[in-house]
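The residues making up each chain are set out below.
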Amino acid sequence: MSFLHAQDKIEAGDRKVILVGNPNVGKSVLFNALTGAYTTVSNYPGTSVEVSHGHCEIEGERYSVLDTPGMYSMLPITEEERVAREILLREAPHTVLHVLDARNLERMLPMTLQLIEAGLPVILVVNILDEAERIGMKIDIDRLQANLGIPVVGAAMARKRGLAEVREAIHNYSQVPRGVMNYAADLERGIFQVAATLEGEYPLERRALALLLLQRDEEVAQLIAEREQDGYAVVEKSVNEVVFTHRSDLHLRLSLERKRLVKLILEGVVQTSERQGLTPAERFSAWTMNPWTGVPLLLIVLYFGLYEFVGGFGAGTVVDFLEGTLFEEHINPWFIALADQYVPWYWLHELLVGEYGILTLAVRYAVALVLPIVGTFFVAFSVIEDTGYFPRLAMLVDRLFKYIGLNGRAVIPMVLGFGCDTMATMVTRTLETVRERILATILLALAIPCSAQLGVILGLLSGVEGALLTWSLCMVILFLVVGFLGAKLVPGERPMFYMEIPPLRLPQMRNVIVKTLTRMQWYFFEIFPLFIVASLLLWAGKMTGGLETLVRSLRPVMDALGLPLEASAAFIFGFFRRDFGAAGLYDLQTSGLLSPVQLTVAAVTLTLFVPCVAQFLMMKKERGWKVSLGIFVAVTVIAFGTGWLLNQFLLLTGLLA
Amino acid sequence: MTNRLSDKAEEILEALWIATEEEGDNGIGLQALALTADDEGVQELSRLAYIELLGERLSLRPEGKPEARLTVRRHRLAERLTMDIFDLAGSEGDDKACEFEHLLRGVVDTKVCTLLNHPTTCPHGKPIPPGSCCEQARTSGSVGVVALTELKAKEAGEIAYLSTSDAKKMQKLMSMGVLPGNTLQLTRTYPSYIFRVGNSEFAVDEELAREIFIRKG
């Protein structure tokens, strides 16, 4: 196993400070406050889980700071939690900051107990103290510190309250406490029995490892099997014995025991006065979850967030400026003039500034057409994400999504798909069952147009009356029908939906910027090379005449769809980038080669047609050859089948004529 | 109950109760039960004056009614038990229910009935004659432990237990703080179940809501 290439970024001598805690407790706010301006966000090696690194200096001493994904317990269930735990296991931290929400002290303290139990150098940060005080909670931090036996800091990081104390606590951290909190005697006997069989050296306390073994943690079992070698048989035997003794209720007992301990620790620590009514944020939150008010609110979010901001501003204003003014009038003519002067060889001239030239096609499309659209989408997505709206949306659509074999959780990759299907396909791995992942991958490949494509298609169809409506209807119907059929045909267990609903909050500028930049960076590195490759291939095709042969070979298909031969180039482009294809249609439309019916049929078929190369490669990576090729074939058949049917239908009824 | 009835006698009583009390008949022919007049069960019941044998026809005497009623109750409770708790359906469930019903006497009857929260019908939809425990629960107004789906919005209660069949989901719920003993306040039931535990809010679908059991307060 190889872990943390990200370590390269951390200087060897640095002391590591690791932030852990539930989602939505203000970890990243504390992280930002500690590290200041320099942050790198990278995927944890081999995962899609993002981990932020930064560093800070306290009284001349340099510390590396790592922000981990949200975790609820030392026993991981989701991939995020696995990564967070992994970091704790492998990183030999100087200190671990457990950040929790003061309002949910009782619920989140069990995790602190687990961290202490693991022998980690824990500092507890009781965050969001200001909100807790507002709802009438008084927390005696000193008493909590005395009861827990570790440093405890009260904080309200959004207001930088407690930051100095946190820095001081890190700097002055001296010794890992060895306080042991005992569970019920029978549990303790079992834990001791297992811990006594462990002989190797471990980063965590044996007692904690024994507990994880008893809870059947596969990764810890693997780690211990590696360390103990031949001795593992003894460990396994002892684990099996104890597990059998507590077979009926081990997890429940542990949770209840921790709850009992937390009650003891909190004695005299928290005083609550009766709550009066709801805060404005809570009232608004209730509106987002009531279908009568929630659906209109959703439409408002979609209208302003997507239609106005991404469609109007990104795909309109910014694209017009970059593409129309900057590239068409200044950059491209300049390059072409330069090439005309210094590049006498036809092939090189074509390669650089020709019809499919790297500069004139690849760079122009990537920078002027795609980047503004995807960029504005990611801004909108990050803002919405940071307010905590998505879990509410998930809960609203859960019932609907059950019909297509998914649960509300899948709404996040689906919405992200409207930005970039490739990224969304990668994010489907956060869904819990293989079945959900396959269904979501199919729907993303087929019926969800990415923002770049969407931008061009909306622009293209908005000029023709009824075309946009026809296109939208086709997409919605196919999404539902294919989802419904997929749910019937793909085997596997039915998903269940459960989610924590975090409090709504105003988006934090810095979070939004960091998230947007991370996504844009990923997108650009992933996509830009593909643009170059695509333009190289098209250029080679044009030079050798291969492109023309390919275009002509698609003639029967185009005839069946009632499209002119030139449209086939758009489909071939489409495979390199979905938006390339759409942009190809745009060229056809501007040169007046397409009738309204043809335009609509072409737009529908192209949107449904195979995902771009990048998405296909991602599908292959996430789902394997068999499944991804199956999806590829199915999507192609459905796309052209639908195009054919739609063409027949429109011609027969004379609609759009 | 001084003399415990034989299993055979209980089955006869049961059949008679169903025929007379539920189907409005005045008795059953021996043939319909595949019995003869010298059958041990018939003899036993006749001796106790629970039933009367007139020619080829058996009928239930008033003296036998209370016992017959309890027998039917035990049978249907046993069906509920095998179905709801042991998760056995079909002929396997029926067989097990038949074995169990003879064990559900006295205190066990009450305990099982309370565990099942005083059910009123068997899995086949037939009524379960209420026992004294049911009457007591009714008069005291206690509703006992119910699934989250039985609560109305704005109602609250204490989480009694989680019965989810999937250990991972139960762990996840528990680590999020949905733990027995905590107070749960339901805020919405549609489109999903939204509830508060402490100061946190959660959404679950109906399937999961059915597996969270609440002691109503």
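Quantities reported herein were computed from a predicted structural model and do not represent experimental measurements.

As a further point, take the interface of chain B and chain A. In many reports, interface size means the accessible area that the parts give up when they come together. Facing the 31 residues of chain B at the interface are 37 residues of chain A. For the chain B and chain A pair, buried surface summed over both sides reaches about 3200 Å², with 56% attributable to carbon and sulfur atoms. Counting the surface chain B buries against chain A, the share from its top three residues, Lys172, Pro191 and Asn199 of chain B, is 19%. If you look at where chain B meets chain A, you find four salt bridges. We note a salt bridge from lysine 402 of chain A to aspartate 205 of chain B, for which the minimum N-O separation is 2.6 Å.

Our next topic: the sheet that holds strand β8 (residues 200-204) of chain B. Two modes of strand pairing occur in sheets, parallel and antiparallel, and in both the strands are linked by backbone hydrogen bonds. In space, the seven strands of this open sheet follow the order β10(A)-β8(B)-β7(B)-β6(B)-β5(B)-β9(B)-β4(B), with antiparallel pairing throughout. The strands lining the two open edges of the sheet, one partner per strand, are β10 (498-501) of chain A together with β4 (145-147) of chain B. For this sheet, the mean inter-axis angle between neighbouring strands, taken without regard to orientation, is 40°. Strand direction decides the pairing type here: β4 of chain B and strand β9 (residues 212-216) of chain B, joined by three bridges, are antiparallel. Bridge assignment links alanine 147 of chain B to a residue of β9 of chain B, and that residue is phenylalanine 213 of chain B.

Residues and elements named next belong to chain A. Summarising burial for helix α28 (residues 613-623): eight of the eleven residues are buried, a large majority. Listed in full, the buried residues belonging to α28 are Val613, Ala614, Gln615, Phe616, Met618, Met619, Glu622 and Arg623. Following α28 by one or two positions, glycine 624 adopts a phi angle in the positive range, close to 90°.

For the rest of this paragraph, the subject is the nonpolar core. Residues and elements named next belong to chain A. The biggest cluster of nonpolar side chains holds 112 residues, and the ones touching the most others in it are Leu406 and Met414. If near-sequence neighbours (up to four positions away) are discounted, methionine 414 is found in contact with Phe401, Leu406, Ala440, Leu443, Leu444, Ile448 and Phe479. Grouped together as the second largest cluster of nonpolar side chains are 93 residues, Ile87, Val166, Val243 and Leu250 included.

Another point: the packing of aromatic side chains. Residue and element names in this part refer to chain A. In the structure shown here, the tally under the stated rule is 14 aromatic pairs over all chains. Taken together, the ring pairs connect Phe377, Phe378, Phe381, Phe390 and Tyr523 into an aromatic cluster. Between arginine 409 and the ring centre of tyrosine 498, over which it is positioned, the NZ or CZ distance is 5.1 Å.

Residue and element names in this part refer to chain A. In the contact formed by helix α21 (residues 467-489) and helix α27 (residues 596-608), the axes pass within 10 Å of each other and the chain directions differ by 30°. With respect to α27, the axis of α21 lies roughly parallel. The way α21 lies across α27 gives a crossing that is right-handed. Across the interface between the two elements, Ala467, Thr470, Trp471, Cys474, Met475 and Leu478 of α21 pack against Thr600, Ala603, Val604, Thr607 and Leu608 of α27. Of the residues that constitute the contact of α21 with α27, the class distribution is eight nonpolar, three polar and no charged.

Within helix α6 (residues 163-171) of chain A, burial applies to Leu163, Val166, Ala169 and Ile170 of chain A. The buried residues of α6 of chain A occupy one face: seen down the axis, they fall within an arc of 125°.

We now examine the confidence of the model for chain A. Residue-level pLDDT values for chain A average 85, and 95% of them are 70 or greater. When the criterion is pLDDT under 50, residues 1-10 of chain A qualifies, and its contacts beyond four places in sequence or with other chains add up to 20 contacts.

Let us now look at the domain arrangement of chain A. Residue and element names in this part refer to chain A. Here the domain parsing of chain A yields domain 1 (5-171), domain 2 (185-272) and domain 3 (291-653). The straight-line distance from the C-alpha centre of domain 1 to that of domain 3 is 38 Å. Of the residues lining the interface, 18 residues belong to domain 1; the matching set on domain 3 comes to eleven residues. A combined buried area of about 1200 Å² lies between domain 1 and domain 3, and 43% of that area is made up of carbon and sulfur atoms. At the surface where domain 1 touches domain 3, the tally comes to one salt bridge. Between glutamate 500 and arginine 107 there is a salt bridge, and its shortest N-O distance comes to 2.8 Å. One can count four residue pairs in polar contact (both at pLDDT 80 or more) joining domain 1 with domain 3.

Thresholds applied
Residues numbered from 1 in each chain as written. Chains lettered and ligands numbered in written order. Predicted model: local features only at pLDDT ≥ 70, side-chain atom pairs only at ≥ 80, totals over all residues. Heavy atoms only, no water. Contact = heavy atoms within 4.5 Å. Buried area = accessible area lost by both parts, 1.4 Å probe. Salt bridge = Lys/Arg side-chain N within 4 Å of Asp/Glu carboxyl O. Pairing = 2+ DSSP bridges. Helix = DSSP H or I, 4+ residues; strand = E, 2+ residues; numbered from the N terminus. Axes fitted to C-alpha atoms, helices over the stretch in contact; angles between N-to-C directions. Buried < 20%, exposed > 50% of the residue type's maximum accessible area, 1.4 Å probe, protein only. Core = buried A, V, L, I, M, F, W, Y, C linked by side-chain atoms within 4.5 Å. Phe/Tyr/Trp six-rings, centres within 6.5 Å; stacked < 30°, edge-to-face > 60°. Lys NZ or Arg CZ within 6 Å of the ring centre and 35° of its normal. Parallel < 35°, antiparallel > 145°, perpendicular 65-115°, else oblique. Left-handed = near helix turned anticlockwise from the far one by under 90°. Nonpolar A, V, L, I, M, F, W, Y, C, P; charged D, E, K, R; others polar. Arc of directions from axis to C-beta. pLDDT = per-residue confidence, 0-100. Domains from an automatic or database assignment. Polar contact = N/O pair within 3.5 Å; in protein donor to acceptor, adjacent residues only side chain to side chain.

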